[in-house]
Amino acid sequence: DVKVTQSSRYLVKRTGEKVFLECVQDMDHENMFWYRQDPGLGLRLIYFSYDVKMKEKGDIPEGYSVSREKKERFSLILESASTNQTSMYLCASNPLSGGNQPQHFGDGTRLSIL
Amino acid sequence: GENVEQHPSTLSVQEGDSAVIKCTYSDSASNYFPWYKQELGKRPQLIIDIRSNVGEKKDQRIAVTLNKTAKHFSLHITETQPEDSAVYFCAPTRTSGTYKYIFGTGTRLKVLA
C-alpha cells in the first residue's frame with residue numbers, strides 16, 4: 001500500500017519565519033504534489049514535481065518554493081510566512097503516467113501562522 | 001483557465017436514500033475522471049474512477065457516470081449509510097500534453113440516521 005508521510009500534523013509559526021514542510025513517499029512515484037486546502041475552495045495546487053530537481057508551478061505558487069533533491073522527498077518552503085498562509089497543506093504522489101492514475105495523499109499538515 | 005465545478009456544495013439525505021453529485025469541467029482534453037472521499041480529519045482517498053472509453057462504472061453501492069459530450073460526470077451513492085458522510089471531490093484530468101491538476105471545490109454529504 002502506498003504510504004505518503006508528512007513530517008508534522010500540526011505546526012505553529014510566526015510571521016516572517018522560513019517554514020519547511022516535508023513529505024516522503026515510499027512507492028517510487030515520479031510525481032509529487034503540494035496542495036493547499038481551505039474551506040469552500042477545495043484543493044488548490046501550489047507546485048508539483050515530475051522528477052528529481054524538476055518542478056512546475058501550480059495555480060497558487062506565490063509565496064512558496066519547493067525542493068526535490070531525492071525522488072522520495074518533496075519539500076514545500078514558505079520563504080517568509082504570512083498569516084494568509086495559515087491553512088491545511090496536503091502532499092500527494094502518483095506514477096509518471098500520472099494523468100490516468102489516482103493521487104495518494106498524506107494526512108496533511110495544519111499550519112498556523114501567528 | 002480551466003474550470004471544474006461541483007454541485008451541490010452540500011447535500012443531506014436520509015439513511016438508505018440515494019445521493020448524486022455532479023462535476024462539470026471545461027477542459028475537453030480531460031479523459032480520466034476520479035472521485036475522492038475525505039472523511040473529517042483524514043486524507044482524501046480515491047473511491048472510484050472512470051476513463052473516457054467507458055460511460056459508466058459501478059462498485060457495490062457506488063457508481064460513476066460520464067457524459068463527455070456535455071463535459072460532466074456524476075457520483076452516485078445508493079443505500080447511503082452514516083459512514084458515507086464526508087466531503088467528496090472530483091478531479092478531471094488529461095492524460096497527455098500539459099497536465100492540469102484541478103480539483104472541484106467539494107461536496108459535503110451528510111447522511112442522517
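Remember, predicted model here, so these are calculated numbers, not experimental data.

## Brief notes about the packing of aromatic side chains
Point 1. The full count for this structure, using the stated rule, is 14 aromatic pairs over all chains.
Point 2. The interplanar angle of 70 degrees and the centroid separation of 5.4 Å between the aromatic rings of A:Phe48 and B:Tyr101 together place this pair among those described as edge-to-face. With A:Phe48 in strand 5 (residues 42–49) and B:Tyr101 in the loop between strand 10 (93–94) and strand 11 (107–112), this residue pair bridges two chains.
Point 3. An aromatic cluster is built from A:Phe33, A:Tyr35, A:Phe48, A:Phe105, B:Tyr36, B:Tyr101 and B:Phe103, whose rings are joined through pairwise contacts.

## Quick look at the nonpolar core
Residues and elements named next belong to chain B.
Point 1. Counting 23 residues, the largest nonpolar core has Trp35, Phe73, Leu75, Tyr88 and Leu109 as the members making the most contacts within it.
Point 2. Of all elements in the fold, only strand 2 (10–14), strand 3 (19–25), strand 4 (30–38), strand 5 (45–51), strand 7 (62–67), strand 8 (72–77), strand 9 (86–90) and strand 11 reach the threshold of two or more residues within this core.
Point 3. With 4 residues, strand 3 is the largest single contributor of residues to this core.
Point 4. Once you skip the residues sitting within four places of it in the chain, Leu75 turns out to touch Ala19, Val20, Ile21, Trp35, Ile47, Ile48, Ile62, Ala63 and Tyr88.

## Brief notes about the sheet that holds strand 3 of chain B
Within a beta sheet, neighbouring strands are joined by backbone hydrogen bonds and run either parallel or antiparallel to one another.
Residue and element names in this part refer to chain B.
Point 1. On the basis of which strands lie adjacent, the open sheet formed by 5 strands has the order 1-3-8-7-6 and antiparallel pairing. Each of the sheet's edge strands pairs with one partner strand only, and the pair in question is strand 1 (4–7) and strand 6 (56–59). Between one strand axis and the next, the sheet turns through 15 degrees on average, direction left out of account.
Point 2. As paired elements, strand 6 and strand 7 share 4 bridges and run antiparallel to each other.

## Things to note about the interface of chain B and chain A
Point 1. Facing the 19 residues of chain B at the interface are 25 residues of chain A.
Point 2. Of the roughly 1,700 Å² buried at the junction of chain B and chain A (both faces included), carbon and sulfur atoms supply 53%.
Point 3. Of all residues in chain B, B:Arg43, B:Tyr101 and B:Phe103 bury the most surface against chain A, accounting for 42% of the area lost on that side.
Point 4. For the pair chain B and chain A, the number of links is 1 salt bridge.
Point 5. With a closest N to O distance of 2.9 Å, A:Asp107 and B:Arg43 form a salt bridge.
Point 6. In this structure, the connection of chain B to chain A is made through 6 residue pairs in polar contact (both at pLDDT 80 or more).

## Describing the sheet that holds strand 7 (residues 64–70) of chain A
Residues and elements named next belong to chain A.
Point 1. The antiparallel open sheet is built from 4 strands, whose spatial order is 1-3-8-7. Each edge of the sheet is formed by a strand with only one pairing partner; in this case those strands are strand 1 (4–6) and strand 7. Neighbouring strand axes in the sheet, compared pairwise and without regard to direction, differ in orientation by 20 degrees on average.

## Regarding unusual backbone geometry
Point 1. With an omega of -5 degrees, the peptide bond running from B:His7 to B:Pro8 counts as cis.
Point 2. Here B:Pro8 shows up in the loop between strand 1 and strand 2.
Point 3. A positive phi is found at A:Asp28, a non-glycine position, where the angle reads about 60 degrees.
Point 4. Of note, A:Asp28 is situated in the loop between strand 3 (19–25) and strand 4 (31–38).
Point 5. Using a relative accessible area of 52% as the deciding quantity, one classes A:Asp28 as exposed.
Point 6. With a phi angle near 70 degrees, A:Lys53 is a residue other than glycine that sits in the positive phi range.
Point 7. By the secondary structure assignment, A:Lys53 is in the loop between strand 5 and strand 6 (56–57).
Point 8. Using a relative accessible area of 58% as the deciding quantity, one classes A:Lys53 as exposed.

Each value, and the rule that gives it
Residues numbered from 1 in each chain as written. Chains lettered and ligands numbered in written order. Predicted model: local features only at pLDDT ≥ 70, side-chain atom pairs only at ≥ 80, totals over all residues. Heavy atoms only, no water. Phe/Tyr/Trp six-rings, centres within 6.5 Å; stacked < 30°, edge-to-face > 60°. Helix = DSSP H or I, 4+ residues; strand = E, 2+ residues; numbered from the N terminus. Core = buried A, V, L, I, M, F, W, Y, C linked by side-chain atoms within 4.5 Å. Buried < 20%, exposed > 50% of the residue type's maximum accessible area, 1.4 Å probe, protein only. Contact = heavy atoms within 4.5 Å. Pairing = 2+ DSSP bridges. Axes fitted to C-alpha atoms, helices over the stretch in contact; angles between N-to-C directions. Buried area = accessible area lost by both parts, 1.4 Å probe. Salt bridge = Lys/Arg side-chain N within 4 Å of Asp/Glu carboxyl O. Polar contact = N/O pair within 3.5 Å; in protein donor to acceptor, adjacent residues only side chain to side chain.

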